[in-house]
There are 2 protein chains.
Amino acid sequence: MKPELKAFLDQSELDAFLYIGDSLCEPDMYYLSRFMASDRFTLLAGEKTSLLVSSMEAGRASKESIANEVVSTSEYGIMEKLHATGKPDEAYLAVLGEFLRDRGVRRLGVPLRFPAGIYRDLSRDFDISVVGSPASRWRAVKTDGEISAIREAQRACEEAMRVAVDLISSSEPKGEVLFRQGEALTSEQVRGKIEVCLLDRGCEAVDTIVAGGAVAVDPHARGCGPLPANEPIVIDIFPRSKQSRYFADMTRTVLQGEVDRDVEEMYEAVREAQDAGLAAIRAGTSGRDVHAKVVQVFRDHGYPEREGCGFTHSTGHGVGLNVHELPSLSEVGETLVERNVVTVEPGLYYPDIGGVRLEDLVVVTAKACENLTHFERKLVL
Amino acid sequence: MKPELKAFLDQSELDAFLYIGDSLCEPDMYYLSRFMASDRFTLLAGEKTSLLVSSMEAGRASKESIANEVVSTSEYGIMEKLHATGKPDEAYLAVLGEFLRDRGVRRLGVPLRFPAGIYRDLSRDFDISVVGSPASRWRAVKTDGEISAIREAQRACEEAMRVAVDLISSSEPKGEVLFRQGEALTSEQVRGKIEVCLLDRGCEAVDTIVAGGAVAVDPHARGCGPLPANEPIVIDIFPRSKQSRYFADMTRTVLQGEVDRDVEEMYEAVREAQDAGLAAIRAGTSGRDVHAKVVQVFRDHGYPEREGCGFTHSTGHGVGLNVHELPSLSEVGETLVERNVVTVEPGLYYPDIGGVRLEDLVVVTAKACENLTHFERKLVL
């Protein structure tokens, strides 16, 4: 058993910690097992790391996972139990109970996101505590290998950003819209080129944002239709490496055409806020303090915060197997430690001006941070 | 309120049904709201369909969702509660409690996958029942619009299959490996071409399988490295339309080079089993009966079932917003109804011969099924 797991179980008075889910939606399960499965399986982290999988997955789990043991539900007679009850959930629960008893566990921890139905049923026979998943906290501190994986994904991200920025810079403002090769340049086209570039580099990206003008005032709007001339366009790319499963994340804001003084000033404030955030990061400081530094820059510049306007989100978040994970750079941001990987992404959003956001990805070090992002910050192309 | 929701709530003696999660991992939430969010939000299905989202998502949710009302957590003072407690989970729970009380709900249903932590905490103040999500059952019966979306995704799937099969058929067996343009043709290359083709058609595919020889004996192995000559290669593609979010699914098995008699016989048995499964499908029959017909064909051919060998999986599954959803064509398969969309995918797997699988996607009709798959079944290229 790893020392941090032993310490956690001892402190929480637990025999083991139990996860049930798929590794796409439960990155903690992938983290602890390195077994990628889009179908539900069970992971028990205790004396050993044990996987309980369907017989169809047992061979692959034995080959691919780092678990100490892989057990098939057929070893516990899942089909016989299914024939007896006709109810897959009941059969699974019976198998699970036997699997847990055989491993001598009685006091079990389960994560906050554990399925309520299984929690309710298991509580009849086991002593179950719902507690924050320890793996979510462990994941916040990256190994060298994890940092390399994220660095590599960020390289792909920058190449895709280059493709996007080149497309926009090679377009022509005509009236209120950008044109390229005789046609309006759309969010969809730019996103498509970004995705092909990422695919070539072994990455996928589901929700890439290419949003201009008023659309970008909503920080999560993906953008659609012709891109505006003379207005800021936010490009936010968060690819995931298919091989390593680690994410990267970066945002740039660019403008093709004539720039308004308002937009220029907003961009400068965001750049200054980002610099202040980056300068504040070091092990031992808190995400809350970093966020406060960023907020202060916007206050100093006189940008008001109103419902849905101004700096409407937090300064940043951890990135790893999830695109949003611990630690947080926000009003509730915890203390940063070496090897945290976080974004620094201040933004300003006003319906009458548009949205501006700049996002870098950095590794927290003892005295500062290492910026994994080398893409220039330049508003007007 | 929709009649089927009213009937469900009345029968279960509930005021409303509550979901908490993100629409990527909880397709029921996307189904009921049509709001795509990768961050957690809350959906209450009762008198109205109500969304509780962060202030950053409120604008987009109002624009994009089909919910009757969108409420921002800031309307319930999430930030003030966060400042008071310092604990995001507690602040969220307090907001959620007020949101639910304001809507006059006391008796709440939550799905089996509902987060255990919130279930435990809400149970203190509300009467909570963990029950199967009704939306998962409603989703099994598709509207015309949903069938169109799946049909379109299956067209993209077939185009990608064509690309894959053409690559393999234009390769040359050299020794035990396929070569193309002077290099070994790999699983990764074929998968890459499939993914680019799908991307061009607005689809994504995460876990495409291109696996030959012994690798394909594990039905979920994605495949890697050079593809074998003279051995069956399983190609299983399940793309999701980025626009509609609906999946398609199909599998073909092909061979380039000299075919063994064993493989040919296995392929014929699988084709016959698939035909038997397809012929058995109609509204009113059960998924269990369809599965039994398929199993019988393999028995008639004398293929033994041993742990991890033979026909190791079920005959099929529903396809929609999830690639695996209701109904199931298996030993516990429920009664089929018109407008179910299911796969029919028998396969045989033996370590010494390889794997063969054929998978079509069909719509259940009153008297038969409509096959959405028009790609030829041909082993030797």
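### Section: the overall build of chain A
Next up, step 1: Helix and strand counts for chain A come out as 11 helices and 21 strands.
Next up, step 2: Across its three principal axes, chain A shows a C-alpha extent of roughly 70 × 45 × 35 Å.
Next up, step 3: When the 381 residues of chain A are sorted by exposure, 50% land in the buried category.
Next up, step 4: Sequence separation of at least 24 residues holds for 61% of the intrachain contacts in chain A that already meet a minimum separation of 6.

### Side note on helix α11 (residues 287-300) of chain A
Residues and elements named next belong to chain A.
Next up, step 1: For α11, with 14 residues, the first-to-last C-alpha span of 20 Å sits near the 20 Å given by 1.5 Å per residue.
Next up, step 2: Turning to α11, its buried residues are Gly-287, Val-290, His-291, Lys-293, Val-294, Val-295, Val-297 and Phe-298.
Next up, step 3: Two residues or fewer after α11 comes Gly-302, characterised by a positive phi angle close to 80 degrees.

### Remarks on the interface of chain B and chain A
Next up, step 1: Across the boundary between the two partners, chain B contributes 39 residues, which contact 39 residues of chain A.
Next up, step 2: At the level of secondary structure, the elements contributing two or more residues to the side of chain B that touches chain A comprise α3 (55-64), α6 (116-122) and α9 (187-200) of chain B.
Next up, step 3: Broken down by element, the side of chain B that touches chain A gets its largest block of residues, five residues, from α3(B).
Next up, step 4: Per-class residue counts for the side of chain B that touches chain A are 17 nonpolar, 11 polar and 11 charged.

### A look at the sheet that holds strand β4 (residues 69-72) of chain A
All names here are of chain A.
Next up, step 1: The six strands are arranged β4-β3-β2-β1-β5-β6 in an open sheet whose pairing can be described as mixed. At either margin of the open sheet sits one strand with a lone partner, and together these are β4 and β6 (127-130). Strand after strand, the sheet turns through a mean of 25 degrees between neighbouring axes, direction not considered.
Next up, step 2: As judged from the four bridges shared by strand β5 (residues 107-110) and β6, these two strands associate in the parallel manner. In the sheet register, Val-110 faces β6, and the bridge partner there is Val-130.

### Let's talk about the relation of the copies chain B and chain A
Here two copies of a chain appear, and what relates them is a rotation about an axis with a shift along it.
Next up, step 1: Rotating chain B by 180 degrees and translating it 0.0 Å along the rotation axis places it on chain A, where the RMSD comes to 0.0 Å. In symmetry terms, the pair is related by a two-fold rotation axis. Taking C-alpha positions as the reference, the residue of chain B nearest the rotation axis is B:Ala116, at 2.1 Å.
Next up, step 2: Most of the interface of chain B is mirrored in chain A: 100% of its interface residues are interface residues there too.

### A closer look at the pairing of strand β11 (residues 209-212) of chain A
Residues and elements named next belong to chain A.
Next up, step 1: On β11, burial covers both faces: Ile-209 and Ala-211 on one face and Val-210 and Gly-212 on the other are all buried.
Next up, step 2: Across four bridges, the pairing between β11 and strand β12 (residues 233-237) is antiparallel. In the strand pairing of β12, Gly-212 is matched with Ile-233.

### Notes on the sheet that holds β12(A)
Residues and elements named next belong to chain A.
Next up, step 1: Spatial ordering of the open sheet is given by β11-β12-β14, a layout of three strands whose pairing is antiparallel. Among the strands making up the open sheet, the edge pair consists of β11 and β14 (250-254). Averaged over all neighbouring strand pairs, the angle between strand axes comes to 10 degrees, with direction disregarded.
Next up, step 2: Against the sheet, helix α8 (residues 144-169) contacts β11, β12 and β14, and its axis sits at roughly 15 degrees relative to β14.

### Observations regarding the domain arrangement of chain A
Residues and elements named next belong to chain A.
Next up, step 1: On domain assignment, one finds that chain A holds domain 1 (3-138) and domain 2 (144-371).
Next up, step 2: Between the C-alpha centres of domain 1 and domain 2 there is a distance of 37 Å.
Next up, step 3: Contacts between the two partners involve six residues from domain 1, matched on the other side by five residues from domain 2.
Next up, step 4: Listing elements by their share of the side of domain 1 that touches domain 2, those giving two or more residues are α2 (27-33) and α7 (134-138).
Next up, step 5: With three residues, the top contributor of residues to the side of domain 1 that touches domain 2 is α2.

### A short note on the pairing of strand β2 (residues 41-45) of chain A
All names here are of chain A.
Next up, step 1: Here β2 lies mainly inside the structure; five of its five residues are buried.
Next up, step 2: On β2, burial covers both faces: Phe-41, Leu-43 and Ala-45 on one face and Thr-42 and Leu-44 on the other are all buried.
Next up, step 3: Summarising the sheet, strand β1 (residues 16-21) and β2 pair through five bridges and their orientation is antiparallel. In the strand pairing of β2, Ile-20 is matched with Thr-42.
Next up, step 4: The sheet contact formed by β2 and strand β3 (residues 49-53) spans four bridges and is antiparallel. Bridge pairing in β3 links Leu-44 to Ser-50.
Next up, step 5: Taking the residues that link successive antiparallel strands as the turn, the β2-β3 hairpin has three residues.

### Re the nonpolar core
The nonpolar side chains of soluble globular proteins are, as a tendency, buried together.
Next up, step 1: One finds A:Leu51, A:Tyr119, A:Ile233, B:Leu51 and B:Tyr119 to be the most contacted residues of the largest nonpolar core, which totals 229 residues.
Next up, step 2: Among residues more than four places away in sequence, those in contact with A:Tyr119 are A:Val110, A:Phe114, A:Ile128, A:Val130, B:Ala116 and B:Tyr119.

### Some remarks on the packing of helix α10 (residues 261-280) of chain A against α11(A)
All names here are of chain A.
Next up, step 1: Closest axis-to-axis distance for the α10/α11 pair is 8 Å, and the angle between their directions is 155 degrees. By the criterion of interaxial angle, the relationship of α10 to α11 is roughly antiparallel. The crossing of α10 and α11 is right-handed. For the pair formed by α10 and α11, the contact residues are Ala-269, Glu-272, Ala-273, Ala-276, Gly-277 and Ala-280 on the first element and Asp-289, Val-290, Lys-293, Val-294, Val-297 and Phe-298 on the second.
Next up, step 2: Tallied by class, residues from the contact of α10 with α11 come to eight nonpolar, one polar and three charged.

### Details of the packing of helix α8 (residues 144-169) of chain B against α9(B)
Residue and element names in this part refer to chain B.
Next up, step 1: The contact between α8 and α9 brings their axes to 9 Å, and the two run at 150 degrees. One way to sum up the angle between α8 and α9 is to call them roughly antiparallel. When you trace α8 past α9, the crossing you get is right-handed. Taken together, the residues of α9 that come into contact with α8 (itself represented by Ala-156, Glu-159, Ala-160, Val-163, Ala-164, Leu-167 and Ile-168) are Val-190, Lys-193, Ile-194, Cys-197 and Leu-198.
Next up, step 2: Each residue belonging to the contact of α8 with α9 can be placed in one class, and the counts come to 10 nonpolar, no polar and two charged.

The rules we used
Residues numbered from 1 in each chain as written. Chains lettered and ligands numbered in written order. Predicted model: local features only at pLDDT ≥ 70, side-chain atom pairs only at ≥ 80, totals over all residues. Helix = DSSP H or I, 4+ residues; strand = E, 2+ residues; numbered from the N terminus. Buried ≥ 20, exposed ≤ 12 C-beta atoms within 10 Å, placed from the backbone. Contact = placed C-beta atoms within 7 Å. Expected span 1.5 Å × (residues − 1). Nonpolar A, V, L, I, M, F, W, Y, C, P; charged D, E, K, R; others polar. Pairing = 2+ DSSP bridges. Axes fitted to C-alpha atoms, helices over the stretch in contact; angles between N-to-C directions. Least-squares fit on C-alpha atoms with pLDDT ≥ 70 in both. Domains from an automatic or database assignment. Core = buried A, V, L, I, M, F, W, Y, C linked by C-beta atoms within 7 Å. Parallel < 35°, antiparallel > 145°, perpendicular 65-115°, else oblique. Left-handed = near helix turned anticlockwise from the far one by under 90°.

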